[in-house]
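Each chain is listed here by its residues.
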Amino acid sequence: MLRIDKLDGSGSTLVAQRDIIATGDSPKALITCPEAYLIGPRLARTIFGEVFTNPPDSAPAFLKQALIKLSLLHERAKGSESELATYIDALPKTLDSPVFWTQEELDNLLEGTNLHGEVPVKLKQWHDEWDYLTTTTQLASIAVDMSVTTFEDYKWACGIFMSRAFPARIVYGDTPENEGLSMLIPVVDSLNHVPTTPVLWNCSKDSGFTFSVCGNVAEGHEIFNNYGPKSNEELLLGYGFCSEETRPFDFVMLKLAFPAQMHSLLKAIGLAENIQEEKPNSDKVFVVFRLELNKTLDEKLVTLFGAMTKPDNHNNQTGLKAMRITGLITLKKALTQKLNKLTAAVATHQNPNELSSEKQTYRFKSALIYREGQQAILEASISNCDTLVQDALASVPKTQQFDLKMVLQNKDGYFSAISDSIKTGFGMKKVKEFQQYGLAEEILSLVLAYERIKGETSRYFGTPLFEQGAGVRAVNAELRDSYESFYEGYVKQLLNTGADVSEEIYNVFGANQSNWNKDLIVEAGQFIETFGFMNEKGNWVVLI
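**Observations regarding the overall build of the protein chain**
Link 1 in the chain: Helices and strands together make up the secondary structure of the protein chain, namely 21 helices and 15 strands.
Link 2 in the chain: Radius of gyration (C-alpha) of the protein chain: 33 Å, far over the 24 Å computed for a compact globule of 544 residues.
Link 3 in the chain: Seen along its three principal axes, the alpha-carbon backbone of the protein chain occupies a region of about 105 × 50 × 45 Å.
Link 4 in the chain: The 544 residues of the protein chain split such that 48% are buried.
Link 5 in the chain: Of the contacts formed within the protein chain by residues at least 6 apart in sequence, a portion of 70% connects residues at least 24 apart.
Link 6 in the chain: Element-wise, carbon and sulfur atoms account for 50% of the exposed surface of the protein chain, whose accessible area totals about 26700 Å².
Link 7 in the chain: Of the charged side chains in the protein chain, 52 are positive and 69 negative; the average position of the first set lies 2 Å away from that of the second.

**What about the environment of Ala440?**
Link 1 in the chain: Mapped onto the fold, Ala440 is located in helix 18 (residues 440-454).
Link 2 in the chain: For the pair Ala440 and Leu38, spaced 402 residues apart in sequence, the C-alpha separation works out to 70 Å.
Link 3 in the chain: For Ala440, the contacting residues outside a window of four places in its chain are Leu404, Phe434 and Gln435.

**A look at the sheet that holds strand 8 (residues 208-213)**
Link 1 in the chain: If you trace the 3 strands from one edge of the open sheet to the other, you get 3-8-7, paired in antiparallel fashion. A single partner strand is all that each edge strand has here, and the edge strands are strand 3 (28-33) and strand 7 (199-204). Neighbouring strand axes in the sheet, compared pairwise and without regard to direction, differ in orientation by 20° on average.
Link 2 in the chain: As defined by bridge partners, strand 3 adjoins strand 8 across 5 bridges and the pair is classed as antiparallel. Its bridge partner lying in strand 8, Cys33 is registered against Phe209.

**Focus on the packing of helix 12 (residues 299-309) against helix 13 (residues 317-344)**
Link 1 in the chain: Their axes nearest at 7 Å, the elements helix 12 and helix 13 cross at an angle of 100°. By the angle between their axes, helix 12 is roughly perpendicular relative to helix 13. For the pair helix 12 and helix 13, contact is made by Glu299, Leu301, Val302, Phe305, Gly306, Ala307 and Thr309 and by Met323, Arg324, Thr326, Gly327, Leu328, Thr330, Leu331 and Ala334, respectively.
Link 2 in the chain: Class assignment for the residues of the contact of helix 12 with helix 13 results in 8 nonpolar, 5 polar and 2 charged.

**Some words on the sheet that holds strand 10 (residues 251-259)**
Two pairing modes exist for strands in a sheet, parallel and antiparallel, and in both the strands are linked by backbone hydrogen bonds.
Link 1 in the chain: Across the sheet, 3 strands lie side by side as 10-12-11; this open sheet has antiparallel pairing. Bordering the open sheet on either side are strand 10 and strand 11 (275-276), each of which pairs with just one other strand.
Link 2 in the chain: Relative to strand 12 (residues 284-292), strand 10 runs antiparallel, the two being bridged by 9 bridges. Residue pairing for strand 12: Val252 is matched across the bridge by Leu291.

**Examining the pattern of salt bridges**
Link 1 in the chain: As enumerated under the stated definition, the model contains 22 salt bridges in all.
Link 2 in the chain: A salt bridge links Glu129 to Lys69, with the nearest nitrogen and oxygen atoms 2.9 Å apart. Here Lys69 lies in helix 3 (residues 63-78) and Glu129 lies in helix 6 (residues 114-136), a separation of 60 residues in the sequence. The exposure classification of Glu129 matches that of Lys69, with both residues buried.
Link 3 in the chain: The partner of Asp412 in a salt bridge is Arg459, with the nearest N and O atoms 2.6 Å apart. Placement of the pair is Asp412 in the loop between helix 15 (404-409) and helix 16 (416-426) and Arg459 in the loop between helix 18 and helix 19 (477-495), with a sequence separation of 47 residues.

**Structural notes on the nonpolar core**
Link 1 in the chain: Counting 73 residues, the largest nonpolar core has Leu70, Leu72, Leu110, Leu133, Tyr154, Phe211 and Ile223 as the members making the most contacts within it.
Link 2 in the chain: In terms of residues, this core owes the most to one element, helix 8 (residues 151-164), which gives 8 residues.
Link 3 in the chain: In this view, Leu72 contacts Ile39, Ile88, Leu91, Trp156, Ala157, Ile160, Phe161 and Leu184; residues no more than four positions away in its chain are not counted.

**Observations concerning the environment of Glu245**
Link 1 in the chain: Turning to its location among the elements, Glu245 is positioned in the loop between helix 10 (232-239) and strand 10.
Link 2 in the chain: Separated by 14 residues in sequence, Glu245 and Ser231 place their C-alpha atoms 9.9 Å apart.
Link 3 in the chain: Once you skip the residues sitting within four places of it in the chain, Glu245 turns out to touch Val194, Pro195 and Thr196.

**Things to note about the side chain of Glu451**
Link 1 in the chain: Secondary-structure assignment places Glu451 in helix 18.
Link 2 in the chain: Look past the residues within four positions of Glu451 in its chain and what remains in contact with it is Tyr414, Phe415, Ser458, Arg459, Tyr460, Leu465 and Phe466.

**Structural notes on the packing of aromatic side chains**
Link 1 in the chain: Counting across every chain of the model gives 18 aromatic pairs.
Link 2 in the chain: Here the aromatic rings of Trp201 and Phe209 are separated by 5.6 Å at their centres, their planes lie at 55°, and the arrangement is tilted.
Link 3 in the chain: Taking the relative accessible area as the measure of exposure, Trp201 reaches 31% and is therefore partly exposed.
Link 4 in the chain: Classification of Phe209 as buried rests on a relative accessible area of 0%.
Link 5 in the chain: Put simply, the rings of Phe402, Tyr414, Phe415 and Tyr460 touch in pairs and so form one group of aromatic residues.
Link 6 in the chain: Positioned above the aromatic ring of Phe52, the side-chain terminus of Lys64 is 4.9 Å from the ring centre.

**Comments concerning helix 21 (residues 518-531)**
Link 1 in the chain: Taking 1.5 Å per residue as the helical rise, helix 21 with its 14 residues ought to reach 20 Å, and the 20 Å between its terminal C-alpha atoms agrees with that figure.
Link 2 in the chain: Summarising burial for helix 21: 11 of the 14 residues are buried, a large majority.
Link 3 in the chain: Residues of helix 21 that are buried include every one of Leu520, Ile521, Val522, Ala524, Gly525, Gln526, Phe527, Ile528, Glu529, Thr530 and Phe531, and no others.
Link 4 in the chain: The backbone nitrogen of Asp519 has a side-chain oxygen 3.1 Å away, supplied by the residue at the start of helix 21, namely Asn517.

**Describing the packing of helix 10 against helix 14 (residues 358-394)**
Link 1 in the chain: As a packed pair, helix 10 and helix 14 sit with axes 9 Å apart at the nearest point and diverge in direction by 150°. By the criterion of interaxial angle, the relationship of helix 10 to helix 14 is roughly antiparallel. Classified by chirality, the crossing of helix 14 by helix 10 is left-handed. Contacts from Asn232, Glu233 and Leu236 of helix 10 reach helix 14 at Ser366, Ala367, Ile369, Tyr370 and Gln374.
Link 2 in the chain: The class makeup of the residues in the contact of helix 10 with helix 14 is 4 nonpolar, 3 polar and 1 charged.

Rules used throughout
Residues numbered from 1 in each chain as written. Predicted model: local features only at pLDDT ≥ 70, side-chain atom pairs only at ≥ 80, totals over all residues. Heavy atoms only, no water. Helix = DSSP H or I, 4+ residues; strand = E, 2+ residues; numbered from the N terminus. Rg over C-alpha atoms; globule rule 2.2 N^0.38 Å. Buried < 20%, exposed > 50% of the residue type's maximum accessible area, 1.4 Å probe, protein only. Contact = heavy atoms within 4.5 Å. Areas by Shrake-Rupley, 256 points an atom, 1.4 Å probe, with all protein chains shown as cover. Lys, Arg positive; Asp, Glu negative; His and termini not counted. Charge placed at Lys NZ, Arg CZ, Asp CG, Glu CD. Pairing = 2+ DSSP bridges. Axes fitted to C-alpha atoms, helices over the stretch in contact; angles between N-to-C directions. Parallel < 35°, antiparallel > 145°, perpendicular 65-115°, else oblique. Nonpolar A, V, L, I, M, F, W, Y, C, P; charged D, E, K, R; others polar. Salt bridge = Lys/Arg side-chain N within 4 Å of Asp/Glu carboxyl O. Core = buried A, V, L, I, M, F, W, Y, C linked by side-chain atoms within 4.5 Å. Phe/Tyr/Trp six-rings, centres within 6.5 Å; stacked < 30°, edge-to-face > 60°. Lys NZ or Arg CZ within 6 Å of the ring centre and 35° of its normal. Expected span 1.5 Å × (residues − 1). Polar contact = N/O pair within 3.5 Å; in protein donor to acceptor, adjacent residues only side chain to side chain. Left-handed = near helix turned anticlockwise from the far one by under 90°.

Structure below.
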C-alpha cells in the first residue's frame, strides 16, 4: 500500500502505491509502531538505568531529555547491530533548521527577525547540555564512545529530535515524570506536514503508536501528517521549512524586559500569563505578547505601554484616555522600529536563481515566506494602533482637545491675547519653531496657566483644568526643576516687559503680574503630563 521515497539530502517520506479511501468516520490505519521501537523514555531507561529513572535532585531540568537524545547516538553507534539500524540510516544527515545554517546565511536571511536572536540561544542550550553530559557528569560515556563522539554528533541528535519528535506523554501518559520529554516514532516521524490534512493518532504504552488518515490519498501521492497549528517561525526553527498554507497561524512575539524586582507587580496587574520565566537569579523578567494578523492588539499590551509612559494616570477618565493614546503611540513607535529593522535587513541574495546550490535556494524561499508573514503582521499591528488612537480621540469632543497649533493659528479669535504675546515675546510664530528649541510643552503650559488666571471668563472653566488636584499626578522633582527654570529664564522677562515696550506682552503678563508664579507654571506643566500626549508630529495635545 505504501512505499518509501528518498528525499534529496532530507531523509525519506511515504507515498501511496494505490488509492487510499478514508474518511473521518472511517479512518484508514497506515502505520503502527510498537512501543519497543520508540526512541524515548523506555530506551533511555534501559541504557542509563537509575540515573534516568530517579535523577538526583541537583540534576538540571534538561537531563532526562538529554539522555533520550543520547540514546539515539547510542543506537547509531551500534550500527547494523541495532534493531533500529534501517530507521537510523534513513534519517537525514544534514538538517535545514537555521540552527544548522552558516552565520552568513543567518545574517543574510534572518537579520531583523526574532529567529535571528533565537538561534544562538538554542545553540547555547545544546552546548550547556553537552558540557554537563561530558564534563560535569561523564554520563555521555555510558552511551557512546567519547573518543569518536563530538558536540556535532550531539547537535545532530538534538536537530533530529527538534524536527521529528512527538511528546512522550501521548504514549506514556500525561504525568509529571513525562513532562517535557519527547520521543522518535520510526517511519511516522518521516511524514511531512500539511496543516489541513485530517489524520488520527491512536497511542498507548501497550499498543504503541498507530497513524491513520481520515481523507482520501490518490495513488502516487505523498502521505502527510498534521503537526497542528504551528506558525512558520516554529516550523522554520524546528523543522527547517515554511509553508504558505501556514500563514493563518503566524504570529510575531513581542518580548519586553523589566527589572526582576517588578515580577510581583507585573503579576499583580494581570500579566501573570504573559510572564516568561527566566533562569533563577536573573536580573530581568520578560513579558511576552503575541501579535497576530487578524486579531486586534491585546488590551493588556496597550495598557502596559500606557502605564510605562504615564504610570499614575488611573484616577480620572480623561487621564486614562490620555494614557491609552500615549501607550498606543509609544507602542506604534516600537513596532515601527521593529518593522524597519526587519525590512532594512534585506537578504544579500535578492534573486534565488543566482544562489549557488539547491539547498541555499530552499533556505532562501523558506526565509522569504517567514519574513513576509512577519512583515504583514507588524504592518497590520501598526495600522491597528492608528485605528485605536482615532477611536480614542473620537470619544473626546474637539472642543476638549487642546494643542499649541490651535492657539498660534487662533482661527476663532479666542486666543488672540495669549497668541500675540507669545509670538511677540519669543519671536516665533509656528509650532515647529518652538519644537526646534525644545519649548513647545513649556509654551503650552503658559497658555493653560493663563486660562487659569482668566477664571470664570475662560471657555474651559468647569473642566478638570480648574479642579483642585483634578487627579493630576504628583509633581516629580525633574519636572518641577524644568518648569521652574522656564519660569526664571523666560516668564520673568515677560512679566517685566512694560506696555511701552510691548502692549501685547504687557496685557497678558505685566497686567496680571500678581497672578503669575512658579507654582502656576509647574501645575500647568503637570496637567499637560497627566492629560496630554505627544502625537506623531511631536505636537502636544491636551484633553481638557
